[in-house]
Amino acid sequence: MAVVGIDLGTTNSVVATVRDGQVVVVPNSQEGYLHPSVVSFSPDGLKYFSVDAVARRILDPKNTVYSAKRLIGLPFRSDEVQKALVRLPYELREGNNEQAVFIGPDRTYTIPEISGLLLGYLRQCAEMFLSDSVNAAVITVPANFNDSQRRATVDAGRIAGLDVLRVLNEPTAAALAYGLGQNMSQRIAVYDFGGGTFDVTILQVENDVFEVLATGGDTFLGGDDLDSALLSILADLFNAEHGIDPRNDQAARSRLLIAAEQVKRHLSDFPEARGDLKNIAVGSSGEPLALRFHIARTVFETAIRGLVGRTIQACQDVLASAQLAASQIDEVIMVGGTTRVPMVRAEVEKYFGRPPRTDLNPDEVVAWGAAIQAENLANAGESLPSRAVLLDVTPRALGIAVTGGFAERIIDRNVPVPVEQTRIFSTSADNQTSVRIQVCQGESRRFEENVPLGELELADLQAARRGAVSIEVTFKVDTNGILRVRARDGATGAVREAAVNVRGAMSDSEVEEAAERQKYREASNLPEVPQE
Amino acid sequence: MAGMSSEQLAAFVRQIFPRLDQLSYYDLLGVPSGSDQAVVRTAFYRLAADLHPDRHHTLADRELKEQLEMIYARVCEGYQVLTKPDKRAAYERALNQGKKRLTTTDRDSRGLQNPEDSIKHPEAKKFFRLGMISLGRKDWKGAVMSFSFARTYEPSSALVAQKLSEAQAALGKPGGAGGAPPKTP
Ligand SMILES: Nc1ncnc2c1ncn2[C@@H]1O[C@H](COP(=O)(O)OP(=O)(O)OP(=O)(O)O)[C@@H](O)[C@H]1O
Ligand SMILES: [Mg+2]
């Protein structure tokens, strides 16, 4: 029985394991190590995964789901989902408990189900490659993933039949993979610019102890935004030539977007890109319209300068919250495919005043760390030369709503986990026999400026004058960064726990059902990986 | 590499856990009071290397594991407080008052929201209250009736709808009708 580490990325996922003390990465079916995070459905229910699903983003955009990580664990009506909706060609609607659900050809799928399908596929890839069964994994998430996003990731793992040993922060995993800090003390910055998210994390590493000092970033900034910037350039060129804006045509837009991504990669290695894109759109008399382009790297750089600037600003903010200067950082680690863009490397080097580390493959390094941690947890790290201890922190402050529209903080941002804090509150009206406890994340004093996570209610309180009943509210964040809330009636002394109803989450029974369905499907030997 | 055997760990937990609330952060971290940040951090790292839950993932004894986690969470708290100047100053004051832990035990001046605040219509509110009282008495029938009335006055209230369906579900369950004992055939 093997355990694996999985970097479940917005764009690509990577699976790795430790064998005889060495990290091995599970290859995809096309000689690469990145598994595109794409699932495609056909009307008969047959599913295509990863490399086999990528081409279907053009062939069948309505039934091909990508960037699920941008949606996972977020309520349908959240800004993030609404923003993503505009860009995504597949259809989503609001399902049970405010969830965003994908409208598939046969039925609707929740986002954890989609990610669960992908994880199931990755598990099977690993099982085939390792000739061994895999039923436990460490799955990585961006450091700034909130409680509901982490829970939803665990749900996805459960649906795929995986025992999720740990939800690990991606930057911490990357630092672990570099094996820094052995017999010395160092301060490290992990700069992770991936497909959908950007984050930066400052760690103190000393004799196998990895402490996160501060973390920050932008869950909505990634290589996709660079693609969009390039798409604009290409679309303007096309519009100038043909008088048609391809952005208004879903199919044309999809084609151009895929071209934009390739041009972007090319520009990482060469100062200019030229090409001829055939069949982008159809003209007024039915003729296929092509685009001949010539784009200099400098033009691309001008278009993305603002985006890269935002990452540097985030670095500045995070250093400030760790009360450190850029010059106090001993190493900068580059993670994520977007750090291959030369301008990104140059700006990071300029800001930190030292060349960043790029010696481990920036798109595999997170999975390496996850594999090492999986080995540490499951097999007590027997085959590893050293056993790291990872000390993570809360990404955001956590609190509850009180009267007057205010939020009262219970746990601060950037405190080490696990952490447990209790605060005592009271009723706000005479004879109030139940209280509503709305949980939020964020640093603002105003409740509505924070992100609501869920709520619970404590009923059957003694009827009394306002303020006379005390209610103890306890927040506990575990090493996975997952929050548990307990409310206790102080008057009766009886401990009554109430579960938080997490907005946008699947219920336990829904997760179990989905897991059963997936198990059944795998067992019934449906052709999972289409043979071609 | 340091490391505790499982016997050592169990002995440690048995010794510390019952006294957890009597130990100051200094005691817990094993540093003299007044130690500077670097000393506190070194002590914390040493403890973390031994006590972190990830180190004991395969531990079978659940109770021991839980107690260990509580000890470790307190160690983290101590580290956090002693290395943040403002928190540390507050902690010194708390210690002088005989407290071992820095917590906000003063009751917050602002109260918690009353769920019914979201209901606007006074009649809807009245029936909602009655429904809640019925719920408390497990009088599902009465609750369904009151919540239904509340809904006629304020059909848009999500809270009323939710409580109504809760009451209906309870009523629908075997033995749910009026809390009567389930009949045996
Ligand atoms: N050579 C390259 N030059 C520029 N960008 C690249 C290059 N190679 C890959 N990328 C970009 O990197 C991004 C994917 O990076 P990666 O695989 O690290 O992301 P991810 O882990 O899936 O996303 P996230 O970390 O946000 O969840 C894509 O936007 C891709 O276009
Ligand atoms: Mg990534």
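Residues numbered from 1 in each chain as written. Chains lettered and ligands numbered in written order. Predicted model: local features only at pLDDT ≥ 70, side-chain atom pairs only at ≥ 80, totals over all residues. Heavy atoms only, no water.

Q: Before we go on, may I ask you to explain empty space enclosed by the protein in this structure?
A: One simple way to see leftover space: roll a probe sized like a water molecule over the atoms. Residues and elements named next belong to chain A. Scanning the entire structure with this criterion turns up 7 cavities of 30 Å³ or more. By volume, the largest cavity is sized at about 130 Å³. Taken together, 17 residues form the lining of the largest cavity, with Leu8, Gly9, Ala68, Lys69 and Ser115 sitting closest to its centre. For the lining of the largest cavity, the secondary-structure elements that each account for two or more residues are strand 5 (38–41), helix 4 (111–130) and strand 11 (134–141). In terms of residue count, helix 4 provides more of the lining of the largest cavity than any other element does, 3 residues in total. Its residues placed into classes, the lining of the largest cavity shows 10 nonpolar, 6 polar and 1 charged. (1 Å grid on protein atoms, 1.4 Å probe; cavity = no way out; pocket = protein on both sides within 12 Å on 5 of 7 lines; lining within 4 Å. Points joined across faces, edges and corners; volume = space filled by probe spheres on them. Helix = DSSP H or I, 4+ residues; strand = E, 2+ residues; numbered from the N terminus. Nonpolar A, V, L, I, M, F, W, Y, C, P; charged D, E, K, R; others polar.)

Q: Teacher, can you tell me more about the domain arrangement of chain B here?
A: Bring the parts together and some accessible area is lost; that lost area is often taken as the interface size. Parsing chain B into structural domains produces domain 1 (6–96) and domain 2 (115–171). Computed over C-alpha atoms only, the centres of domain 1 of chain B and domain 2 of chain B are separated by 47 Å. (Domains from an automatic or database assignment.)

Q: Which parts of the structure should I look at to understand the environment of Lys120(B)?
A: Residue and element names in this part refer to chain B. Along the chain, Lys120 falls in the loop between strand 1 (111–112) and helix 6 (122–136). Exposure remark for Lys120: the relative accessible area of 67% places this residue in the exposed category. Taking the C-alpha atoms as reference points, Lys120 and Glu154, separated by 34 residues in sequence, lie 7.7 Å from one another. (Buried < 20%, exposed > 50% of the residue type's maximum accessible area, 1.4 Å probe, protein only.)

Q: What am I meant to see in the interface of chain A and chain B here?
A: Chain A puts 52 residues into the contact, and the matching count from chain B is 36 residues. The tally of links between chain A and chain B comes to 4 salt bridges. The residue Lys87(B) makes a salt bridge to Asp412(A) at a minimum N-O spacing of 3.2 Å. A per-element tally of the side of chain A that touches chain B places strand 22 (residues 419–427) of chain A first, with 8 residues. Classifying every residue of the side of chain A that touches chain B by side-chain character gives 24 nonpolar, 15 polar and 13 charged. Where strand 22 of chain A meets strand 1 of chain B, 2 bridges bridge the pair, whose relative direction is parallel. Pairing of Thr427(A) across the sheet is with Leu112(B), part of strand 1 of chain B. (Contact = heavy atoms within 4.5 Å. Salt bridge = Lys/Arg side-chain N within 4 Å of Asp/Glu carboxyl O. Pairing = 2+ DSSP bridges.)

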